[in-house]
Amino acid sequence: EAGAVEPPDLEAGIHIATDFMQKIINILSAEVAVTTENDHKQGRVYVKGKDSGILIGKKGQTLEAIQYLIDKVVNKQCGKGTQIFVDVEGYVESREAELRELAKRMADKAQRTGKPATISRMNVQERRVVHLALKDNSAVRTQSIGDGYYRKLVIFPKKRSLKKGAKGAPVSK
C-alpha cells in the first residue's frame, strides 16, 4: 500500500539495545545478567545482578542517561518510534508505582484545597507516568510547566460545577 509506514523492527531494536547495554556493562565491569522481552508493541531489556546499583545511579540518573542513549541509538538504526525500555532490578517499575501513588495523593490534595499542586524536577518519562495516571480523573487536569530538562508538573483542580437551579448564585469560598 502506497504511503504505508513500516512498523518498527522490535527484534532488531532489542538486539541493538542489548548489544549497547552489554558494552556499557563491559566498560563498568559490572557483574549482571541481561534478559529481553518483546510484546510486539515495545521491547524491554532487563538487567539484574550484584553490581546493578552502578547502572541505576543516584535517583536513577545513570539509568535515565542509559535509556536516553539507547533511545538515540535504536531510533537512528531502526527508525523513530521503536520503543525499547531498559529496567535495572525493577527500578523503573517500582518508581512508576511510586509516581502513580504520588499523582493520586497530589490530585486528592488539589481537589481538597482547591489550589494547584506542583511536583518539581521531573524528567519526561516521570511526567508522562503522572499525566497517564490522572488522565481519567475528571476532577483534575495536569500540565507540564517550565523550560529545560526538569520541568514541573502542575495538577489543577477543575472548577466544581454548580447544582441545577443555582445558576447565577454566588460561589462561596
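Everything discussed here concerns the structure shown above.
Residues numbered from 1 in each chain as written. Predicted model: local features only at pLDDT ≥ 70, side-chain atom pairs only at ≥ 80, totals over all residues. Heavy atoms only, no water.

A.B. asks: What's the story with the overall build of the protein chain in this structure? I'm lost.
C.D. replies: Secondary structure assignment for the protein chain yields five helices and six strands. The helix and strand sequence of the protein chain, counted from the amino end, reads α-β-β-α-α-β-α-β-α-β-β. Within the span of the protein chain, comprising 173 residues, buried residues form 31% of the whole. Pairs at least 24 apart in sequence give 57% of the contacts found in the protein chain among residues at least 6 apart. For the protein chain, the accessible area works out to roughly 11800 Å², and carbon and sulfur atoms hold 52% of it. (Helix = DSSP H or I, 4+ residues; strand = E, 2+ residues; numbered from the N terminus. Buried < 20%, exposed > 50% of the residue type's maximum accessible area, 1.4 Å probe, protein only. Contact = heavy atoms within 4.5 Å. Areas by Shrake-Rupley, 256 points an atom, 1.4 Å probe, with all protein chains shown as cover.)

A.B. asks: Would you mind showing me how to read the packing of helix 4 (residues 91-113) against helix 5 (residues 124-134) here?
C.D. replies: Packed helices, taken two at a time, are described by the angle between their axes plus the distance between the axes. Running from N to C, helix 4 and helix 5 cross one another at 55°; their axes reach a closest spacing of 9 Å. In terms of orientation, helix 4 and helix 5 fall into the oblique class. Two packed elements cross with a definite hand, and for helix 4 against helix 5 that hand is right-handed. Contacts from Arg-95, Glu-96, Leu-99, Arg-100, Ala-103, Lys-104 and Ala-107 of helix 4 reach helix 5 at Glu-126, Val-129, Val-130, Ala-133 and Leu-134. Residue composition of the contact of helix 4 with helix 5, grouped by class: seven nonpolar, no polar and five charged. (Axes fitted to C-alpha atoms, helices over the stretch in contact; angles between N-to-C directions. Parallel < 35°, antiparallel > 145°, perpendicular 65-115°, else oblique. Left-handed = near helix turned anticlockwise from the far one by under 90°. Nonpolar A, V, L, I, M, F, W, Y, C, P; charged D, E, K, R; others polar.)

A.B. asks: It is not clear to me how the environment of Ile-119 should be interpreted in this structure. Could you clarify?
C.D. replies: By the element assignment, Ile-119 lies in strand 4 (residues 117-122). Ile-119 gets classed as buried once you look at its relative accessible area, which sits at 8%. The spatial distance from the C-alpha of Ile-119 to the C-alpha of Met-106 is 8.2 Å, given a sequence separation of 13 residues. Leave out the neighbours within four places in its chain, and Ile-119 touches Leu-102, Met-106, Val-130, Lys-152, Leu-153 and Ile-155.

A.B. asks: Whenever I open this one, helix 1 (residues 10-28) confuses me. Can you help?
C.D. replies: Residues spaced three or four apart along an α-helix face the same direction, because each turn holds 3.6 residues. An ideal rise of 1.5 Å per residue puts 27 Å on 19 residues; helix 1 measures up with 27 Å between its terminal C-alpha atoms. Leu-10, Gly-13, Ile-14, Ile-16, Ala-17, Thr-18, Met-21, Ile-24 and Ile-25 are the residues of helix 1 that are buried. Looking at the packing, one finds that the buried side of helix 1 touches strand 1 (32-38), strand 2 (43-49), helix 2 (53-56), helix 3 (61-78) and strand 3 (84-88). The opening residue of helix 1, the one whose side-chain oxygen lies 3.3 Å from the backbone nitrogen of Glu-11, is Asp-9. Of the residues flanking the end of helix 1, it is Ser-29, one or two places downstream, whose phi is positive at about 50°. (Expected span 1.5 Å × (residues − 1). Polar contact = N/O pair within 3.5 Å; in protein donor to acceptor, adjacent residues only side chain to side chain.)

A.B. asks: How do you make sense of the pattern of salt bridges when you look at a structure like this?
C.D. replies: Oppositely charged side chains can pair when the atoms bearing their charge come close. Within the structure shown, the criterion is met by five salt bridges. Measuring nitrogen to oxygen at the nearest pair gives 3.3 Å for the salt bridge that ties Arg-95 to Glu-98. Pair noted here: Arg-95 and Glu-98 are both in helix 4, with a separation of three residues, about one helical turn. For Arg-95, a relative accessible area of 26% translates into the label partly exposed. A residue is classified by how much of its surface remains accessible, and Glu-98, at 47% relative accessible area, is partly exposed. The partner of Asp-136 in a salt bridge is Lys-135, and the shortest N-O contact between them spans 3.6 Å. For the residue pair Asp-136 and Lys-135, the accessibility class agrees, reading exposed in each case. (Salt bridge = Lys/Arg side-chain N within 4 Å of Asp/Glu carboxyl O.)

A.B. asks: Even after reading the chapter, I still don't get the nonpolar core, so can you show me in this structure?
C.D. replies: Considering soluble globular proteins, one finds that nonpolar side chains tend to be buried as a cluster. Counting residues in hydrophobic clusters, the biggest one holds 21 residues, and the most contacted among them are Met-21, Ile-25, Val-47, Leu-55, Ile-70, Val-74 and Ile-84. Those elements that provide at least two residues to this core are helix 1, strand 2, helix 2, helix 3 and strand 3. Per element, the largest residue contribution to this core is seven residues, and it comes from helix 1. Excluding residues within four positions of it along the chain, Ile-25 makes contact with Ala-30, Val-32, Val-34, Val-47 and Leu-55. Core analysis: the next-biggest nonpolar cluster, separate from the first, contains 14 residues, Ala-110, Ala-117, Val-129 and Val-140 among them. (Core = buried A, V, L, I, M, F, W, Y, C linked by side-chain atoms within 4.5 Å.)

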